[in-house]
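Next come the chains, spelled out residue by residue.
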Amino acid sequence: MFISGIFGERLPLRYYLSGGMVVSGLFTALFGLGYFWDIHVLWYFIIVQVCNGLVQTTGWPAVVACVGNWFGKGKRGLIMGIWNSHTSVGNILGSLIAGAWVSSAWGLSFIVPGIIIAVMGVICFFFLVEYPEDVDCNPPQHHTAADEDPGGVTTSEKDPEAVISNEGPLSLPGQSSVDHSKSPKEPAEKPEAISFLGALRIPGVVEFSLCLLFAKLVSYTFLYWLPLYIVNVAHFGAKEAGDLSTLFDVGGILGGIFAGLISDYTGGRATTCCVMLVVAAPMLFLYNHVGQNGIGVSVAMLIICGALVNGPYALITTAVSADLGTHESLKGNAKALSTVTAIIDGTGSVGAALGPLLAGLISPTGWNNVFYMLIAADVLACLLLARVVVKEARGWCGPMARQRGSSVQLTESVMDGK
């Protein structure tokens, strides 16, 4: 993932993403073909799976960079929260497809998704638009007025004609108050892509990366182990357990949208993540103890846990990554989106690998211990954001203090008769 982000910053995203999708489909299908070819050599499946993991790393940095190029900071949390629901929809479809053939011909559980992603890669190649400027749309504003000028001067006060929609490139040049047809568009000098170490120095990248490591550990442990947990504890069949486990991702969709909406309204990405992680810990404990007491309780607890676990995960991998990839310290250089996204999600992928591995090692000692491990990871994810949360809180206290000071001055002026 780390290497993939560096390449994604320097190669055309359309070619890079499309090629990765097609090759990923090939390796996914090859894994399933091992069933029909009657291959029983473990190294075949290991090599195919490792190669599949390598080519799949082209996906996330590229898609977040593309969406980040189109939408500015104003409504980025909500927009990317809705957009990010595709990950949970993909997980749901994957579980349903796998469940359909898991007891008959499991090879189709891999071949069918492989064909789907390869076809979508071809569609992406023909229709993806990387930048708003490619179709003569205005680029978005990546920073709010407070980001650009802490003194409180708005963008419109600086230059009324420089106002760009904060929600994305919604206006065409022909609709602008400035006549662009009279001034031919001069090719702007392309900024250089940021280095790996330069991306690490952006404030907040390290904290959010480490937080995502533990958040993704919890999410992926549920993704891979929840069906087996339901089979062992609730004694459902394999297909029923697979269907029921999709409710965790249904909750993830709601949690991602909710987290994006709240973080847009408050301006506190880290605080939103921290609050959801704090509430998630007791919910995981409750699910383990009462989650299997009836189908209704199980459904409700799965949706709630999915929302609280996947909400911060979704927010960090989308809006937070896009915010940091277009940080004000970069002075308008958006050539850091792919690298920053790759660093954050790549660090999270370490947790995605460790979580299911640890669950496999701990589960023979009892499922209670697996959930204690998940709760501990959840708490650690929350603690790693402490510095950023404090910084956001100070940012909120500053304007309130200035507002109180202005009110006091106004009251004193009125009392003095000024």
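This is a predicted model, so every value here is computed, not measured.

Caption draft 1: Seen up close, the environment of Val 50. Along the chain, Val 50 falls in helix H3 (residues 42-56). In the structure, Val 50 is positioned 23 residues away from Phe 27 in sequence and 9.4 Å away in space, judged by C-alpha atoms.

Caption draft 2: Geometry of the side chain of Asn 69. Secondary-structure assignment places Asn 69 in helix H4 (residues 59-70). Within the local environment of Asn 69, its side chain forms a polar contact with the backbone oxygen of Glu 130, the two atoms lying 3.5 Å apart.

Caption draft 3: The arrangement of helix H2 (residues 13-36) in detail. Its 24 residues place the ends of H2 35 Å apart at the C-alpha level, agreeing with the 34 Å of an ideal helix rising 1.5 Å per residue. Note on H2: the residue one or two positions beyond its end, Asp 38, has a positive phi of about 60 degrees.

Caption draft 4: View of the nonpolar core. Counting residues in each nonpolar core, the largest one holds 56 residues, and the members touching the most others are Phe 222, Leu 284, Tyr 287 and Leu 374. Contact partners of Leu 284, with chain neighbours within four places excluded, come to Val 218, Phe 222, Cys 305, Val 309, Phe 371, Leu 374 and Ile 375. Grouped together as the second largest cluster of nonpolar side chains are 14 residues, Trp 60, Ala 65, Cys 66 and Leu 337 included.

Caption draft 5: Just the pattern of salt bridges, in detail. Within the structure shown, the criterion is met by 4 salt bridges. One salt bridge connects Lys 216 with Asp 345, and the closest N-O pair in it is separated by 3.0 Å. Within this pair, whereas Lys 216 is found in helix H11 (residues 205-234), its partner Asp 345 is found in helix H15 (residues 337-362), the two being separated by 129 residues in sequence. Residues Arg 269 and Asp 323 are paired through a salt bridge, measuring 2.7 Å at the closest nitrogen-oxygen approach. Of the two residues, Arg 269 is situated in helix H13 (residues 269-290) and Asp 323 in helix H14 (residues 295-325); the sequence distance between them amounts to 54 residues. Residue Asp 323 is classed as buried on the basis of its relative accessible area of 13%. Salt bridges sharing partners connect three or more residues here, namely Asp 264, Arg 269 and Asp 323.

Caption draft 6: Fine view of the side chain of Ser 363. Relative to the helices and strands, Ser 363 resides in the loop between H15 and helix H16 (367-383). Judged by its relative accessible area of 16%, Ser 363 falls in the buried class. Beyond its immediate sequence surroundings of up to four residues, Ser 363 is in contact with Trp 225 and Val 370.

Caption draft 7: Up close: unusual backbone geometry. Despite not being glycine, Asp 38 shows a phi value in the positive range, around 60 degrees. Under the relative-accessibility criterion, Asp 38 is labelled exposed at 54%.

Caption draft 8: View of a nonpolar patch on the surface. On the surface, a nonpolar cluster with roughly 1,100 Å² of combined accessible area is contributed by Tyr 15, Val 22, Val 23, Ile 115, Ile 116, Val 119, Met 120, Val 122, Ile 123, Phe 125, Phe 126 and Phe 127. Secondary structure elements with two or more residues in the nonpolar patch: H2 and helix H7 (108-127). In terms of residue count, the dominant contributor to the nonpolar patch is H7 (9 residues). Examined against the element boundaries, Val 122 turns out to sit in helix H7.

Caption draft 9: Representation of the confidence of the model for the protein chain. A residue-level look at the protein chain finds 79% of positions with pLDDT of 70 or above and a mean pLDDT of 80. Here residues 145-188 is a poorly scored stretch, pLDDT under 50, and it has 52 contacts once near neighbours within four places are set aside; other chains count.

Caption draft 10: Structural view of the packing of aromatic side chains. Applying the stated criterion to the full structure yields 20 aromatic pairs. Measuring from ring centre to ring centre gives 5.2 Å for Tyr 44 and Phe 45, while their planes differ by 85 degrees; the resulting arrangement is edge-to-face. Taken together, the ring pairs in this structure connect Phe 31, Tyr 35, Phe 36, Tyr 44, Phe 45, Trp 106 and Phe 110 into an aromatic cluster. When the ring centre of Phe 125 is taken as origin, the NZ or CZ atom of Arg 14, which lies over that ring, is 4.9 Å away.

Caption draft 11: Seen up close, the state of the cysteines. Tallied over the entire structure, the rule returns 0 disulfides. Free cysteine: Cys 66, not disulfide-bonded; nearest cysteine sulfur from Cys 124 at 7.3 Å.

Caption draft 12: Structural detail: the environment of Gly 32. Checked against the element boundaries, Gly 32 lands in helix H2. According to the relative accessible area criterion, Gly 32 is buried, its value standing at 0%. Placed 77 residues apart in sequence, Gly 32 and Ser 109 show a C-alpha to C-alpha distance of 7.0 Å. Apart from the residues lying within four places of it in its own chain, the contact partners of Gly 32 are Trp 106, Gly 107, Phe 110 and Ile 111.

Caption draft 13: Layout of the packing of H4 against H15. Interhelical geometry of H4 versus H15 gives an angle of 135 degrees and a closest axis separation of 8 Å. By the angle class used here, H4 and H15 are oblique. In the crossing of H4 with H15, the sense of the turn from one axis to the other is right-handed. Residues Trp 60, Pro 61, Val 64, Ala 65, Gly 68 and Asn 69 of H4 touch H15, and the partners they reach there are Leu 337, Ser 338, Thr 341, Ala 342 and Asp 345.

Caption draft 14: Representation of the packing of helix H12 (residues 238-266) against H13 within the structure. Here H12 crosses H13 at 135 degrees, and the two axes come no closer than 8 Å. Regarding the angle of H12 to H13, the classification is oblique. Between H12 and H13 lies a crossing of right-handed hand. The segment H12 lies against H13, with Gly 255, Phe 258, Ala 259, Gly 260, Ile 262, Ser 263, Asp 264 and Thr 266 engaging Arg 269, Thr 272 and Met 276. Residues that form the contact of H12 with H13 fall into these classes: 4 nonpolar, 5 polar and 2 charged.

Criteria and cut-off values
Residues numbered from 1 in each chain as written. Predicted model: local features only at pLDDT ≥ 70, side-chain atom pairs only at ≥ 80, totals over all residues. Heavy atoms only, no water. Helix = DSSP H or I, 4+ residues; strand = E, 2+ residues; numbered from the N terminus. Polar contact = N/O pair within 3.5 Å; in protein donor to acceptor, adjacent residues only side chain to side chain. Expected span 1.5 Å × (residues − 1). Core = buried A, V, L, I, M, F, W, Y, C linked by side-chain atoms within 4.5 Å. Buried < 20%, exposed > 50% of the residue type's maximum accessible area, 1.4 Å probe, protein only. Contact = heavy atoms within 4.5 Å. Salt bridge = Lys/Arg side-chain N within 4 Å of Asp/Glu carboxyl O. Patch = residues over 30% accessible without salt bridge, like charges linked within 9 Å, V, L, I, M, F, W, Y side chains within 5 Å. Areas by Shrake-Rupley, 256 points an atom, 1.4 Å probe, with all protein chains shown as cover. pLDDT = per-residue confidence, 0-100. Phe/Tyr/Trp six-rings, centres within 6.5 Å; stacked < 30°, edge-to-face > 60°. Lys NZ or Arg CZ within 6 Å of the ring centre and 35° of its normal. Disulfide = S-S within 2.5 Å. Axes fitted to C-alpha atoms, helices over the stretch in contact; angles between N-to-C directions. Parallel < 35°, antiparallel > 145°, perpendicular 65-115°, else oblique. Left-handed = near helix turned anticlockwise from the far one by under 90°. Nonpolar A, V, L, I, M, F, W, Y, C, P; charged D, E, K, R; others polar.

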